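An overview of the molecular structure
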Amino acid sequence: AMAAERALAVATCTAPVNIAVIKYWGKRDTDLILPINSSLSVTLHQDQLKTTTTAAASRDFTEDRLWLNGKEEDVGHPRVQACLREVRRLARKRRGGGEDTAALSLSYKIHIASENNFPTAAGLASSAAGYACLVSALARLYGVEEELSEVARRGSGSACRSMFGGFVQWQRGERPDGTDSLALQVAPETHWPELRILVLVVSGEKKPVGSTEGMQTSVETSPLLKHRAEVVVPERLAQMMRHIRERDFEGFGQLAMRDSNQFHATCLDTFPPIFYLTDLSRHIIALAHRYNAHHGHTKVAYTFDAGPNAVIFALADTVAEFVEVLRRSFPPATNGDQFVQGLPVGSAALSQELVAAVVTEPRPGAVQYILHTKPGPGPQLVDDPSQHLLGADGLP
Ligand code: DP6
């Protein structure tokens, strides 16, 4: 009866961001968050990008409360409530309906605090890591060990893929109740040790149409999206799995670029149209193609989500040279020494031919900074009590 009698039960977890190489765009059930197509992503390393969440329960708490990055938010948000309800349902099922006196009471109110180790203002997709982390921390608090991607999916579709490390598929599933719409690990983060990721955080863009709203308009109006979901994605998913299995960067990179481009084409095909790619995005796309053309094969691959930041995939032996190309193309405005963050990047000298062929029209200050990272593991339990985001009083 230890847990129940302690004044405060508490659990802290961390969870990663993921970036899709076969995109999820469109729901067949908006309430259960069931997608119209399967998707596939790479989980990014938590040393560079992660969410930390502490969940605490106490019989002394008088109401459920939630803090995001230190600021109190509405805990009544339907997606937060769906996650909470589903984890509690699993806990109840696990206890077999009987009163397990050792288990934490499911009737206690809870406090939740969540923080990102990257600036929210940078517009890096944080809802996937956020909901994956919330579900992991709640599950730990209540002693639930079941499959949890189905629960994380209820927070945000892409969050189910953040429940695993490495390369992850979210299978669309067939059942109307969503019990087969789950994430599965395709390969662990150790599978492709040379793979690197550069996140190009761009400067001063206003907030575009949210993905939840945008994809619903696409489902209702875009014939291209229907064709994509029914015909294109099933073929691409099988191809992408093969490229990953074979560590074929050429195949992986080309397909990732094509799939990003088709996702943005469905946005243009939406009515009224949605624009996530900006003039700068198109500039980065052209730069990547010039770079690959100069080398005669695919050395870098871009992908863009529902925002202006660019994500670049490359192998480790390409990073220093391409980062130098980026430095020349987007000369840092002020923070020259902080332009590249994350994993160390070596120095590279560019040949005259490369510069002439690839670096056209430099745009000073257009890229705020570059984050260098790699594939990483799934959610982690934080054992060290000094890392909890809630104090002994249950407050941040
Ligand atoms: C473009 O998972 O944020 O990043 O399920 O409504 O919460 P909801 O949407 P969300 O959509 C992500 C869309 C995307 C592509 C992807 O991550 O697969």
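All values reported here derive from a predicted model rather than from experimental measurement.

**What to know about the packing of helix 6 (residues 223–245) against helix 7 (residues 249–269)**
- In the contact formed by helix 6 and helix 7, the axes pass within 10 Å of each other and the chain directions differ by 165°. In terms of their interaxial angle, helix 6 and helix 7 are classed as roughly antiparallel. Along this stretch, helix 6 crosses helix 7, giving a crossing that reads as left-handed. Residues Pro223, Leu224, Leu225, Arg228, Val232, Arg236, Gln239, Met240, His243 and Ile244 of helix 6 touch helix 7, and the partners they reach there are Gly251, Phe252, Leu255, Ala256, Arg258, Asp259, Gln262, Ala265, Thr266 and Asp269.
- Tallied by class, residues from the contact of helix 6 with helix 7 come to ten nonpolar, five polar and five charged.

**Some details on the site of the ligand**
- Not every one of the 17 residues close to the ligand is listed here, only the nearest: Tyr24, Lys27, Arg79, Ser156 and Ser158.
- Between the ligand and Arg79 there is a distance of 2.7 Å, counted from an oxygen atom to a side-chain nitrogen or oxygen.
- When the ligand sits alone it has 460 Å² of accessible area, and the protein chains cover 93% of it.
- Looking at the shell around the ligand, the element that brings in the most residues is helix 5 (residues 211–221), giving three residues.
- Summarising the domain contributions, the shell around the ligand has at least three residues from each of domain 1 (9–190 + 380–387) and domain 2 (195–373).

**Quick look at the sheet that holds strand 13 (residues 300–303)**
- Here we have five strands laid out as an open sheet, ordered 13-14-12-16-15, and mixed in their pairing. The open sheet has two edge strands, strand 13 and strand 15 (340–342), and neither has a second partner. Going across the sheet, the axis of each strand differs from the next one's by a mean of 25°, ignoring polarity.
- Of the strands in this sheet, strand 12 (195–202), strand 13 and strand 14 (310–315) touch helix 7, which is tilted by about 25° from strand 13.
- On top of the sheet, helix 8 (residues 279–295) reaches strand 12, strand 13 and strand 14; it is set at about 160° to strand 13, its chief contact.

**Notes on the nonpolar core**
- Leu198, Leu200, Met240, Phe252, Phe313 and Val325 are the most contacted members of the largest nonpolar core, which has 63 residues in total.
- Sort the elements by how many residues they give to this core and strand 12 lands first, with seven residues.
- Counting contributing residues, this core receives three or more from each of domain 1 (9–190 + 380–387) and domain 2 (195–373).
- For Met240, the residues in contact, after removing those within four places along its chain, are Val21, Ile22, Leu40, Phe252, Leu255 and Ala256.
- Counting residues in hydrophobic clusters, the runner-up holds 35 residues, among them Tyr108, Cys133, Tyr142 and Ala159.

**Some details on the environment of Gly214**
- Looking at the secondary structure, you find Gly214 in helix 5.
- Residue class for Gly214 comes out buried when judged on its relative accessible area of 0%.
- Once residues lying within four places of it in the same chain are set aside, the contact partners of Gly214 are Trp25, Val209, Ile274 and Tyr276.

**Some details on unusual backbone geometry**
- Across the junction of Phe271 and Pro272, the peptide omega takes the value -5°, indicating a cis bond.
- Note that Pro272 resides in the loop between helix 7 and helix 8.
- A positive phi angle, near 50°, is found at Asn69, a position not held by glycine.
- Summarising the element assignment, Asn69 is placed in the loop between strand 7 (65–68) and strand 8 (71–73).
- Positive phi, normally seen in glycine, also occurs at Arg247, with a value near 50°.
- Here Arg247 shows up in the loop between helix 6 and helix 7.
- Residue classification places Arg247 among the partly exposed positions, given a relative accessible area of 42%.

**Some words on the domain arrangement of the protein chain**
- In terms of domain boundaries, the protein chain breaks down into domain 1 (9–190 + 380–387) and domain 2 (195–373).
- Computed from C-alpha atoms alone, the centre-to-centre distance between domain 1 and domain 2 is 27 Å.
- Each side of the interface is counted separately: domain 1 has 29 residues, and domain 2 has 42 residues.
- For the pair domain 1 and domain 2, the summed buried area comes to about 2,800 Å², and 74% of that belongs to carbon and sulfur atoms.
- Our count for the contact surface shared by domain 1 and domain 2 stands at one salt bridge.
- In this assembly, domain 1 and domain 2 are joined by six residue pairs in polar contact (both at pLDDT 80 or more).
- Counting residues per element, the ones that place at least two in the side of domain 1 that touches domain 2 are strand 2 (18–22), strand 5 (39–43), strand 10 (167–170) and strand 11 (183–187).
- Here the side of domain 1 that touches domain 2 takes four residues from strand 2, the largest share from any one element.
- Taken together, the residues of the side of domain 1 that touches domain 2 sort by class into 17 nonpolar, nine polar and three charged.

**Examining the packing of aromatic side chains**
- Following the criterion strictly, the structure yields eleven aromatic pairs and no others.
- Aromatic pair Tyr24 and Trp170: ring centres 4.6 Å apart, planes at 65°, arrangement edge-to-face. Highlighted residues: Tyr24 in the loop between strand 2 and strand 3 (27–29) and Trp170 in strand 10, separated in sequence by 146 residues. Here Tyr24 matches Trp170 in class, with each residue buried.
- Taken together, Phe167, Trp192, Phe249, Phe252 and Phe313 form an aromatic cluster joined through their ring pairs.

**A word on helix 6**
- Under the 1.5 Å per step criterion, the end-to-end length of helix 6 is 32 Å for 23 residues, consistent within 8% with the ideal 33 Å.
- Bending of helix 6 peaks at approximately 45° at the position of Val232, with proline Pro234 no more than four residues after it.
- When we look at burial in helix 6, the residues that qualify are Leu225, Arg228, Ala229, Val232, Val233, Arg236, Leu237, Met240, His243 and Ile244.
- Check the buried side of helix 6 and you find it contacts strand 2, strand 5, strand 10, strand 11, helix 5 and helix 7.
- One side-chain oxygen at the N-terminal end of helix 6 lies 3.3 Å from the backbone nitrogen of Leu224; it belongs to Ser222.
- Backbone geometry just downstream of helix 6 places Arg247 in the positive-phi region, at approximately 50°.

What counts and what doesn't
Residues numbered from 1 in each chain as written. Predicted model: local features only at pLDDT ≥ 70, side-chain atom pairs only at ≥ 80, totals over all residues. Heavy atoms only, no water. Axes fitted to C-alpha atoms, helices over the stretch in contact; angles between N-to-C directions. Helix = DSSP H or I, 4+ residues; strand = E, 2+ residues; numbered from the N terminus. Parallel < 35°, antiparallel > 145°, perpendicular 65-115°, else oblique. Left-handed = near helix turned anticlockwise from the far one by under 90°. Contact = heavy atoms within 4.5 Å. Nonpolar A, V, L, I, M, F, W, Y, C, P; charged D, E, K, R; others polar. Near = heavy atom within 4 Å. Polar contact = N/O pair within 3.5 Å; in protein donor to acceptor, adjacent residues only side chain to side chain. Areas by Shrake-Rupley, 256 points an atom, 1.4 Å probe, with all protein chains shown as cover. Domains from an automatic or database assignment. Pairing = 2+ DSSP bridges. Core = buried A, V, L, I, M, F, W, Y, C linked by side-chain atoms within 4.5 Å. Buried < 20%, exposed > 50% of the residue type's maximum accessible area, 1.4 Å probe, protein only. Buried area = accessible area lost by both parts, 1.4 Å probe. Salt bridge = Lys/Arg side-chain N within 4 Å of Asp/Glu carboxyl O. Phe/Tyr/Trp six-rings, centres within 6.5 Å; stacked < 30°, edge-to-face > 60°. Expected span 1.5 Å × (residues − 1). Bend = angle between axes of the 7 residues up to and from the residue.

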